[in-house]
Amino acid sequence: MDKNGYVYADNAATTRVCDEAVAAMMPYFGELYGNPSSIYSFASAPREALANARATIAKIINAEPDEIIFTSGGTESDNHAILGAAYENAARGKHIITTQIEHHAVLHTAKRLEKEGFTVTYLPVDSEGRVDPAALEAAITPETTLVTVMAANNEVGTIEPIAEIGKICRERKILFHTDAVQAVGHIEIDVKAMNIDMLSASAHKFNGPRGVGFLYIRRGSKVRRLIEGGGQERNRRSGTENIAGIVGMATALSYAHEHMAEEAARLSALRDKLMGEILKIPATSATGSLTHRLPGIVSVTVEGIEGESMVLLLDLNKIAASTGSACSTGSLDPSHVLIALGMKHEVAHGSLRLSLGRYSTEEDVEKIASTLPGIVERLRMMSPVWNN
Ligand SMILES: *Cc1c(COP(=O)(O)O)cnc(C)c1O
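Here the structure is a predicted model, which is why all the values come from computation and not from measurement.

Chemist: Talk me through helix H13 (residues 362-382); I want residue IDs and the actual numbers.
Modeler: When the terminal C-alpha atoms of H13 are compared, their 31 Å separation across 21 residues agrees well with the 30 Å that a helix rising 1.5 Å per residue should span. Those residues of H13 that fall on the buried side of the exposure criterion are Asp-364, Val-365, Ile-368, Ala-369, Thr-371, Leu-372, Ile-375, Val-376, Leu-379 and Arg-380. In this fold, the buried residues of H13 make contact with strand E1 (7-8), helix H9 (260-278), strand E10 (297-302), helix H10 (307-316), strand E11 (319-320) and strand E12 (351-355).

So, in structure tokens, the structure goes:
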């Protein structure tokens, strides 16, 4: 709860920049403003900061520093990985495998490739949102050059079997990309152990600043660059580096990684408590997996009412929640993720996501738990599809 009494429970959409990151960034907005590409000594501090941030981030995911490319965030990293791999390997084949529950940064990129003559397989998931590695293996053809499967889903919190998928892809010599934007900083990721060739991450999903992220590309992977220019990032992603943002990202990730185990335990307990309270409301059910799930995400459906109405009334009670995906705000279509989980349209319309994070407290959970039942009751009384 902040000083105005507002409860923020939408950490899967974005997070508050942590104080450690803000403090680490400040000097690079101030006197340390040199361009790291300049050779004079005035630029040595930002140049070193860039190298340190790269080394810090690489170590946390068990990569090498030269395998990390700084980007503007998750969306750019996903575009770079998918388009770059598809274009660079097009002579070998034009088939790509992904899933039905990816973020739009992946799905819309795949759609673009389809328009450009590629074939894309969108794997289904089970009712918990899990991809079946055997089904993925069966979908591979001699034309397949890239598999892209998210590490954890942003709407329902389900964690995917990416180590198993990585193993299959490595054996079949197919590039494996994972959109790990919801996973990095929250659950352990080891790109070597998991046989990951490319990984997307974004700072603002782990209490770093918005507008900065990174893409890991394993050495030797054939991936074409998207952005031409001054040759920064070893000519893989041009543009003067966002030093303050990159330093903030590395600082936030270090903190998150150092405290990962205790924070996951704390958040899982809060999540389970909140979920338990919500499920006491009649005709509600949990969405996603109860075993393979992110520590901070509570995803439920409430029969007879609309998710949007719940979000609006929660907002009137100073609670920030979501129906699932920030990106589909304004659209009346039910979430593609919930539909892929096999949910009927009318049930999917009643979805609610509450995502907890570093600044969530017991008090926040209690406020949500005491506010939501009244809101549901009120909306159901007005609902034409609910039998009171
Ligand atoms: C937020 C998110 C993105 C997009 O990241 P941006 O940094 O906002 O561009 C991509 N994938 C997933 C799974 C996300 O949750």
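Text resumes after the structure shown.
Chemist: Describe the site of the ligand, and please don't skip the residues or the numbers.
Modeler: Near the ligand, the surroundings consist of 13 residues, among which Thr-75, Asp-179, Gln-182, Ser-202 and Lys-205 are the closest. In this structure, Gln-182 approaches the ligand through a side-chain N or O atom, which is 2.7 Å from an oxygen atom. Expressed as a share of its isolated accessible area of 390 Å², the protein-covered part of the ligand is 87%. The element best represented in the shell around the ligand is helix H3 (residues 74-88), accounting for three residues. In the shell around the ligand, the residues fall into two nonpolar, eight polar and three charged.

Chemist: Give me the lowdown on the packing of aromatic side chains, citing residues and values where you can.
Modeler: Under the counting rule described, the total for this entry stands at two aromatic pairs. Their ring planes at 65 degrees and their centres at 5.1 Å tell us that Tyr-33 and Phe-42 sit as a pair that is edge-to-face. For the pair Tyr-87 and Phe-118, a centre-to-centre distance of 6.4 Å together with 50 degrees between the ring planes defines the contact as tilted. Here Tyr-87 is found in helix H3, whereas its partner Phe-118 is found in the loop between helix H4 (104-115) and strand E4 (119-123), with 31 residues between them in sequence. Here the basic side chain of Arg-16 rests over the ring of Tyr-359, its NZ or CZ set 4.9 Å away from the ring centre. A cation sits over an aromatic face here: Arg-380 above Trp-386, 3.9 Å from the ring centre.

Chemist: Lay out H4 with the relevant residues and their values.
Modeler: Relative to the 16 Å expected for 12 residues at 1.5 Å per residue, H4 spans 16 Å between its end C-alpha atoms, a close match to the ideal helical length. Burial in H4 covers these residues: Ala-105, Val-106, Leu-107, Thr-109, Ala-110 and Leu-113. Where H4 is buried, its residues touch H3, strand E3 (95-99), E4, strand E5 (144-148), strand E6 (175-179) and helix H11 (336-340). Where H4 ends, the next residue or the one after it, Gly-117, has phi of about 100 degrees, a positive value.

Chemist: Help me get a handle on the nonpolar core, residues and values and all.
Modeler: Grouped together as the largest cluster of nonpolar side chains are 68 residues, with contacts concentrated most on Leu-199 and Phe-214. It is helix H8 (residues 243-258) that provides the largest number of residues to this core, a total of eight residues. Those residues within four positions of Leu-199 in sequence are excluded, and the remaining contacts are Ile-61, His-177, Thr-178, Ala-180, Val-184, Ile-189, Val-191, Phe-214, Leu-215 and Tyr-216. Within the second largest apolar cluster, 27 residues are counted, among which are Val-311, Ala-321, Val-365 and Leu-379.

Chemist: Help me get a handle on the packing of H3 against H4, residues and values and all.
Modeler: With their axes 9 Å apart at the nearest point, H3 and H4 run at an angle of 30 degrees to one another. One way to sum up the angle between H3 and H4 is to call them roughly parallel. When the axes of H3 and H4 are compared, the crossing they make is right-handed. When H3 is examined against H4, the residues Thr-75, Asp-78, Asn-79, Ile-82, Leu-83, Ala-86 and Tyr-87 are found in contact with a partner set consisting of Ala-105, Val-106, Thr-109, Arg-112 and Leu-113. A breakdown of the residues in the contact of H3 with H4 according to their chemical character gives seven nonpolar, three polar and two charged.

How each quantity is defined
Residues numbered from 1 in each chain as written. Predicted model: local features only at pLDDT ≥ 70, side-chain atom pairs only at ≥ 80, totals over all residues. Heavy atoms only, no water. Helix = DSSP H or I, 4+ residues; strand = E, 2+ residues; numbered from the N terminus. Expected span 1.5 Å × (residues − 1). Buried < 20%, exposed > 50% of the residue type's maximum accessible area, 1.4 Å probe, protein only. Contact = heavy atoms within 4.5 Å. Near = heavy atom within 4 Å. Polar contact = N/O pair within 3.5 Å; in protein donor to acceptor, adjacent residues only side chain to side chain. Areas by Shrake-Rupley, 256 points an atom, 1.4 Å probe, with all protein chains shown as cover. Nonpolar A, V, L, I, M, F, W, Y, C, P; charged D, E, K, R; others polar. Phe/Tyr/Trp six-rings, centres within 6.5 Å; stacked < 30°, edge-to-face > 60°. Lys NZ or Arg CZ within 6 Å of the ring centre and 35° of its normal. Core = buried A, V, L, I, M, F, W, Y, C linked by side-chain atoms within 4.5 Å. Axes fitted to C-alpha atoms, helices over the stretch in contact; angles between N-to-C directions. Parallel < 35°, antiparallel > 145°, perpendicular 65-115°, else oblique. Left-handed = near helix turned anticlockwise from the far one by under 90°.

Geometry only, nothing functional implied.
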